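As a plain string of letters, each chain reads:
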Amino acid sequence: MGDIFSNLGLGFSVVFQFVQWTPAFLGGVSIPIPVNILLCLIGALVGTLVGVLPGIGTIATVAMLLPITFGLPPVGALIMLAGIYYGAQYGGSTTSILVNIPGEAGSVVTALDGFQMAKKGRAGPALAIAAIGSFFAGCVATVLIALLGAPLTRVALAFGPAEYFSLMVLGLIFAVVLAKGSVLKAIAMIVLGLLLSMVGSDIETGASRMAFNIPELADGLGFATLAMGLFGFAEIIRNLDAGGETDRKLVQEKVSGLMPTRRDLKETAPAILRGTVLGSILGILPGGGAVIASFAAYTLEKKVAKDPSKFGHGEIRGVAAPESANNAAAQTSFIPLLTLGIPPNAVMALMVGAMTIHGIVPGPQVMQKQPDLVWGMIASMWVGNLMLLIINLPLVGIWVRLLRVPYRLMFPSIVVFCCIGIYSVNNAPTDVMIAGAFGLVGYWLIKHDFEPAPLLLGMVLGPLMEENLRRALLISRGDWSVFVTRPLSAVLMAIAATLLILAVLPSLRKKRDEVFVESEN
Amino acid sequence: MNRYGRSLASGFLALLGGLGVSSSQALAQAYPTRNITMIVPFAAGGPTDVIARIVTGHMAQTLGQTIIIENVVGAGGTTATTRAARAANDGYTLITGHMGTHAASVPLYPKLAYHPEKDFEPVGLLAGTPILILARKDFAPKDLKEFIAYVKANESKVNAAHAGVGSVSNVSCELLNSVLGVKPIGVPFNGTGPAMNALVAGQVDYMCDQIVNAVPQINGGTIKAYAVATPERNPSLPNVPTTAEAGLPAFQAQAWNAIFAPKGTPPDVVTKLNAAIVKALDDEGVRKRLLELGSVIPPAADRTPAALGTLVKSEIAKWTPVVKPVN
Amino acid sequence: MNATPGHAPVKSIMPKWVRNPQEFVGGIALMAIAVFALWASSDLQGMRGFSFGAGTAPRMFGFLLLGLGALITVVGIFTEGPHLAKYHWRGPFFVTVAILTFAFTIRTMGMIFAAMAAFLIAACGSPETRWTETLIVAVCLTAFCALLFPYALGLPLQLLPTFMIR
């Protein structure tokens, strides 16, 4: 325990480091400047700013802003990047709640109830509870990393291809079991998502699949591109034919209170706690655990709720739980990086890139060799979360006011921001066109009462499932029994099977229309 | 504001000047008069990106213009390289290519939309990253000789990880396997991170990878290295023998990185750029940062555009029999 | 963002025996997508010994979608449901044209032109647009983007048309 405190102490001393600044115009008087705190603040601000732009998710934001940290000293650069990361995450939820444009897989779930809350004039409480939940989850996860980082690493290493495949199967079963009234249509959407995720180059042979020699399709359809089309553009198009103006006026008239009420807080407290626990555990798994964190948290919340029918219609717990899970997972996903030096996901790979630029390549000894770096980063996570809370609670009012902009001016702006956002992710005009095409597809789906959320889920889980299945079979030389002979995998499969059996039982049938129901307006 | 003002001003100047005075000579003498775009065909923070940023940072000082790095990711770097091949050949769009984009891509993608030799002017070699033969820490063979014997004897049992079709780790492992005359099962991962994770966790047996990613893991004892596939040992891993020392001289591989310009870029522009590269590679600060990454800095004789042209030709010849085409 | 299924009694082009045209057409469309995907992946290799080929998974999902599409179509025949929703052309048309304009002009004409054009074209998609305020907002938004992306965030975005830079 003593170690932990001295380590955390070291971390905070790094974060709160003061640098003496002696500008010439003050005639030799030096001012102490908390450089790292300032960098964290700037990172959080810039991250929020970019993350809030529709069309730019967390990974894209971090990738985009990575070069601006290259000129800084290593510790400062990483602290700033951590700030950007959390800022982007928070900014992403803001767009999901306000305009129903999720920038990444985790926010798809936030958008379900968050956007409905916004439509009912409760955008303020939705944004605030997302910030509060995220902060709480961040605090818990930070302590968890400091306390149990090293032993938890073993969990990450115990997960091989077979285990990940089973986990993804479980994820898909979640989606099926709790899908909307027409289970059939929801399953069809998941399968369509899986099919779309097959576009691009095959992982094992490199063969180009359904890419029609379009170079931009060679690596598959981007999640952000698709989400932007199916949610963002489709929503705009639909609003245009429904007379968006009247819709929006209703929203403005309804705006009631910016902060969550005492009752909201009381209701969401257990949800935040459950989300945090679930997210912390799933986040440690490097090969895609974090992807299903927010989704699993939402499902769990619905399962334990007394009145699950509220979910999908602006239930505040449906925002609080997935947001907490998402942030906790984002935090604990640092564990493999800090203890093994191996980046578990795309954002972490960028962090490693930032370290590499400074000549530090993290490895299993990074904790011993660069304790200031590791603990500084852990401490900065907490500080970053605190800052986001401080920045975002006052911002809630501004965001909510944004909703009062007349829709006739709002929608062309969203179109332009989305275009620039998608384009700037990879400087590829084709991505913008693909998003436009999926906007029309999304419009068609709405007209036929198909929901885009399960589609996006299938799209995210598809490659993870296929790749891990194939890896597992390659390693086992085609022996399918690995999925049940490896204990962890067997447990996951058993849970999946149980859920499936339960799903067939008619008693559960009623509950199905609850998770992916989005709105009836 | 600087950039905006300058491009605006030069735009008006060009308009006023009747747009006609741009003979290639007049252009080249003044070159560069505006920002240069450097396309990097990989994600920010990857080995190629890091080397490109270190060197272009110094080149920008020499040339007196900003060099904007544009990371364009996709299809093993060939998306970006195709774009660079089609860019204006005025010296304002350059690309940092590497072993994959400008050599192994030729046999790998039969439908490649560019040819490294026909569509590009070689400008100059930047730095190379040596390839290591790595294995999980409890893999039975103790040294390279035992490894060769073991892999040959257990060809159907061993698993070789790689970071995706066409990646450096994939292509160099294909070379190793063809030198050894074995065809083990290749287990594909999405990038070097997950592949390294599987190696550390002991889920796969061996892999080939660039030195940058592997040094800390080797020093930390989570994986082991049999040999480095360069003629000389690397200062960051003094205890790891070269393949020649350890008994496999035929396996030589280095992930080299170099700057190319679209075909038809004026020769004096290329000369100017090459001089800036050479100057950067002689700079103490640049050298120090490159060496920290385990990179190998090319000797003076290898830094000319002509030498790069020869390297590309020989590398294409080297990879063609080894790399299987994808369709 | 769910359907407001067209409850309005539209003149149906569907034959009488289709009792839920929305599902019927949706199912057929999914089947068409599945057939297209199966065709598009027909050149890919199937199982190779014990390991999956490039085409194995796409075909699996293709057939699955085909089956599901067929089921939905059948459901569309036998259950009662809403009419086909009404499509409007104005919104989708202008928003799509705006997006395409942006995509085609961004690399040659620069961001200032592309963003302005996209904004103004998209604005045509709504009958509620008032042109004076739209123009003002378009100019402000473009200026904001022109400052934010290349300068504040340092992104490699070209602002001006290529011919003006050369």
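Reading guide: rules and limits
Residues numbered from 1 in each chain as written. Chains lettered and ligands numbered in written order. Predicted model: local features only at pLDDT ≥ 70, side-chain atom pairs only at ≥ 80, totals over all residues. Helix = DSSP H or I, 4+ residues; strand = E, 2+ residues; numbered from the N terminus. Buried ≥ 20, exposed ≤ 12 C-beta atoms within 10 Å, placed from the backbone. Contact = placed C-beta atoms within 7 Å. Rg over C-alpha atoms; globule rule 2.2 N^0.38 Å. UniProt positions renumbered as here; feature names shortened; annotations may be inferred. Axes fitted to C-alpha atoms, helices over the stretch in contact; angles between N-to-C directions. Left-handed = near helix turned anticlockwise from the far one by under 90°. Nonpolar A, V, L, I, M, F, W, Y, C, P; charged D, E, K, R; others polar. Expected span 1.5 Å × (residues − 1). Bend = angle between axes of the 7 residues up to and from the residue. Core = buried A, V, L, I, M, F, W, Y, C linked by C-beta atoms within 7 Å. Domains from an automatic or database assignment. Pairing = 2+ DSSP bridges. pLDDT = per-residue confidence, 0-100.

Where an unreviewed UniProt entry is consulted, chain C appears under the name Tripartite tricarboxylate transport(TTT) family subunit TctB, with the organism given as Bradyrhizobium retamae.

For chain A, an unreviewed UniProt entry supplies the name DUF112 domain-containing protein and the organism Bradyrhizobium retamae.

Student: How should I be thinking about the overall build of chain A in this particular structure?
Tutor: Looking only at helices and strands, one finds 22 helices and four strands in chain A. Reported as C-alpha extents along the three principal axes, the dimensions of chain A are approximately 75 × 60 × 50 Å. Each of the 521 residues in chain A was classed as buried or not, and the buried ones make up 67%. Put simply, of all contacts in chain A between residues at least 6 apart along the chain, 79% involve residues at least 24 apart.

Student: Is there a simple way to explain the overall build of chain C in this structure?
Tutor: Scanning chain C for helices and strands turns up five helices and zero strands. The helix and strand sequence of chain C, counted from the amino end, reads α-α-α-α-α. Scaling as 2.2 N^0.38, a compact globule of 166 residues should have a C-alpha radius of gyration of about 15 Å, whereas chain C reaches 24 Å, well beyond that. The C-alpha extent of chain C, read off along each of the three principal axes, is 60 × 55 × 25 Å. When contacts within chain C are restricted to residue pairs at least 6 apart in sequence, those whose partners lie at least 24 apart make up 67%.

Student: Looking at this structure, I do not really get the UniProt feature "transmembrane region" (unreviewed entry) in chain C. What am I missing?
Tutor: Residue and element names in this part refer to chain C. With numbering aligned to this structure, UniProt lists the feature "transmembrane region" (unreviewed entry) at residues 24-41, 61-81, 93-123 and 135-160. In residues 93-123, helix accounts for 100% and strand for 0%; the two terminal C-alpha atoms are 11 Å from one another. Measuring from the first to the last C-alpha atom of residues 135-160 gives 19 Å, for a span that is 69% helix and 0% strand.

Student: How should the packing of helix H4 (residues 74-99) of chain A against helix H17 (residues 371-402) of chain A be read in this particular structure?
Tutor: The axes of two packed helices give the description: the angle between them and the distance between them. Residues and elements named next belong to chain A. Direction vectors running N to C along H4 and H17 enclose 30 degrees, while the axes themselves pass 8 Å from each other. For the pair H4 and H17, the sense of crossing is right-handed. Together, Pro74, Val75, Leu78, Ile79, Ala82, Gly83, Tyr86, Gly87, Tyr90, Thr94 and Leu98 of H4 and Asp372, Leu373, Gly376, Met377, Ser380, Met381, Gly384, Asn385, Leu388, Asn392, Trp399 and Leu402 of H17 make up the contact between the two elements. Within the contact of H4 with H17, the residues separate by chemical class into 14 nonpolar, eight polar and one charged.

Student: Just to check I follow, could you spell out the interface of chain A and chain B for this structure?
Tutor: The partner chain B presents 42 residues to the 41 residues of chain A that form the contact. Going through the elements one at a time, helix H15 (346-357) and helix H20 (452-475) of chain A are the ones with two or more residues in the side of chain A that touches chain B. The element best represented in the side of chain A that touches chain B is H15 of chain A, accounting for seven residues.

Student: What am I meant to see in the interface of chain C and chain A here?
Tutor: Quoted interface sizes are often the accessible area lost when the parts come together. Opposite the 65 residues of chain C that make contact, chain A presents 64 residues. Mapped by element, the contributors of at least two residues to the side of chain C that touches chain A are helix H1 (21-40), helix H2 (56-78), helix H3 (90-123) and helix H4 (131-152) of chain C. Per-element accounting of the side of chain C that touches chain A gives the leading share, 17 residues, to H3 of chain C. Here the side of chain C that touches chain A is composed, by residue class, of 45 nonpolar, 17 polar and three charged.

Student: Just to check I follow, could you spell out H3 of chain C for this structure?
Tutor: Side chains that are three or four residues apart share a direction in an α-helix, a result of its 3.6 residues per turn. Look at H3 of chain C: only 11 Å from first C-alpha to last across 34 residues, short of the 50 Å you get at 1.5 Å a residue. The sharpest bend along H3 of chain C measures roughly 140 degrees and falls at Gly110 of chain C.

Student: Help me understand the nonpolar core in this model?
Tutor: The tendency in soluble globular proteins is for nonpolar side chains to be buried side by side. Within the largest apolar cluster, 330 residues are counted, with the highest numbers of intra-cluster contacts made by Val62, Leu78, Val415, Cys419 and Leu456 of chain A together with Ala118 of chain C. The dominant element in this core, judged by the number of residues it contributes, is H3 of chain C, at 18 residues. Sequence-distant contacts of Leu78 of chain A, defined by excluding residues within four places in its chain, comprise Met351, Ala354, Met355, Leu373 and Met377 of chain A.

Student: Just checking my understanding: could you explain the domain arrangement of chain C for this structure?
Tutor: As assigned here, chain C comprises domain 1 (21-78) and domain 2 (90-165). Distance from the C-alpha centre of domain 1 of chain C to the C-alpha centre of domain 2 of chain C: 39 Å.

Student: I would appreciate a short explanation of the packing of helix H6 (residues 123-158) of chain A against helix H11 (residues 262-284) of chain A in the present structure.
Tutor: Residues and elements named next belong to chain A. Look at H6 against H11: their axes get within 8 Å of each other, and the N-to-C directions meet at 35 degrees. Like other packed secondary-structure pairs, H6 and H11 cross with a definite hand, here right-handed. Contacts from Pro125, Ile129, Gly133, Phe136, Ala137, Val140, Ala141, Leu144, Leu152, Val155 and Ala156 in H6 reach Asp264, Thr268, Ile272, Gly275, Thr276, Gly279, Ser280 and Ile284 in H11.

Student: Would you take a moment to explain helix H3 (residues 58-65) of chain A for this structure?
Tutor: Most of H3 of chain A sits inside the fold, with eight of its eight residues counted as buried. Within H3 of chain A, the full set of buried residues consists of Thr58, Ile59, Ala60, Thr61, Val62, Ala63, Met64 and Leu65 of chain A.

Student: I'm lost on the pairing of strand E3 (residues 93-98) of chain B in this one. Help?
Tutor: Walk down a regular strand and you will see the side chains alternate between the two sheet faces. Residues and elements named next belong to chain B. E3 sits mainly inside the fold: five of its six residues count as buried. Sheet topology note: the strand E1 (residues 36-40)/E3 ladder contains three bridges and is parallel. Looking across to E3, one finds that Met38 is bridged to Leu94. Of the pairings in the sheet, the one linking E3 to strand E9 (residues 254-262) comprises four bridges and is antiparallel in character.

Student: Hey, could you run me through the confidence of the model for chain C in this one?
Tutor: Regions with low pLDDT carry predicted coordinates that are not meant to be interpreted in detail. Residues and elements named next belong to chain C. For chain C, the mean per-residue pLDDT works out to 82, and 90% of the residues sit at or above 70. Predicted confidence in chain C is weakest over helix H5 (residues 162-165), with a mean pLDDT of 73, and strongest over H3, with 91. For the stretch residues 1-10, pLDDT sits under 50, and the model shows 31 contacts to residues farther than four places along the chain or on other chains. The ipTM assigned to the predicted complex is 0.87, against a pTM of 0.80.

Student: Can you walk me through the environment of Val270 of chain B in this structure?
Tutor: All names here are of chain B. Here Val270 is to be found in helix H11 (residues 267-282). The buried category is assigned to Val270, around which 21 C-beta atoms lie within 10 Å. Distance in space between the C-alpha atoms of Val270 and Val123 is 5.8 Å, their sequence separation being 147 residues. With near-sequence residues (within four places) excluded, Val270 lies in contact with Glu121, Val123, Ala261, Thr265 and Pro305.

Student: Just checking my understanding: could you explain the pairing of strand E7 (residues 206-210) of chain B for this structure?
Tutor: Residues and elements named next belong to chain B. Most of E7 sits out of view: five of its five residues are buried. Covered by surrounding structure in E7 are Tyr206, Cys208 and Gln210 together with Met207 and Asp209, the residues of both alternating faces. As paired elements, strand E4 (residues 120-136) and E7 share five bridges and run antiparallel to each other. Bridge assignment links Ile131 to a residue of E7, and that residue is Gln210.

Student: Got a minute to help me understand the environment of Thr66 of chain B in this structure?
Tutor: Residues and elements named next belong to chain B. Structurally, the position occupied by Thr66 is in the loop between helix H3 (47-63) and strand E2 (67-71). Note on Thr66: 15 C-beta atoms within 10 Å, which makes it partly exposed. Among residues more than four places away in sequence, those in contact with Thr66 are Asn35 and Ala60.

Student: How should unusual backbone geometry be read in this particular structure?
Tutor: Among all residues save glycine, negative phi is the norm, and among peptide bonds the norm is trans. Residue and element names in this part refer to chain A. At Asn100, a position not held by glycine, the phi torsion is positive, near 65 degrees. Assignment of secondary structure puts Asn100 in the loop between H4 and helix H5 (105-119). The class of Asn100 is buried, set by 24 C-beta atoms lying within 10 Å. The phi dihedral of Arg477 is positive, around 60 degrees, even though this residue is not glycine.

Student: Would you mind going over the environment of Leu300 of chain A with me for this structure?
Tutor: Residue and element names in this part refer to chain A. For Leu300, the location among the structural elements is in helix H12 (residues 289-304). Taking the number of C-beta atoms within 10 Å as the measure of exposure, Leu300 has 19 and is therefore partly exposed. Spatially, the C-alpha atoms of Leu300 and Leu167 are 16 Å apart, while their sequence positions differ by 133 residues. Sequence-distant contacts of Leu300, defined by excluding residues within four places in its chain, comprise Arg274 and Leu278.

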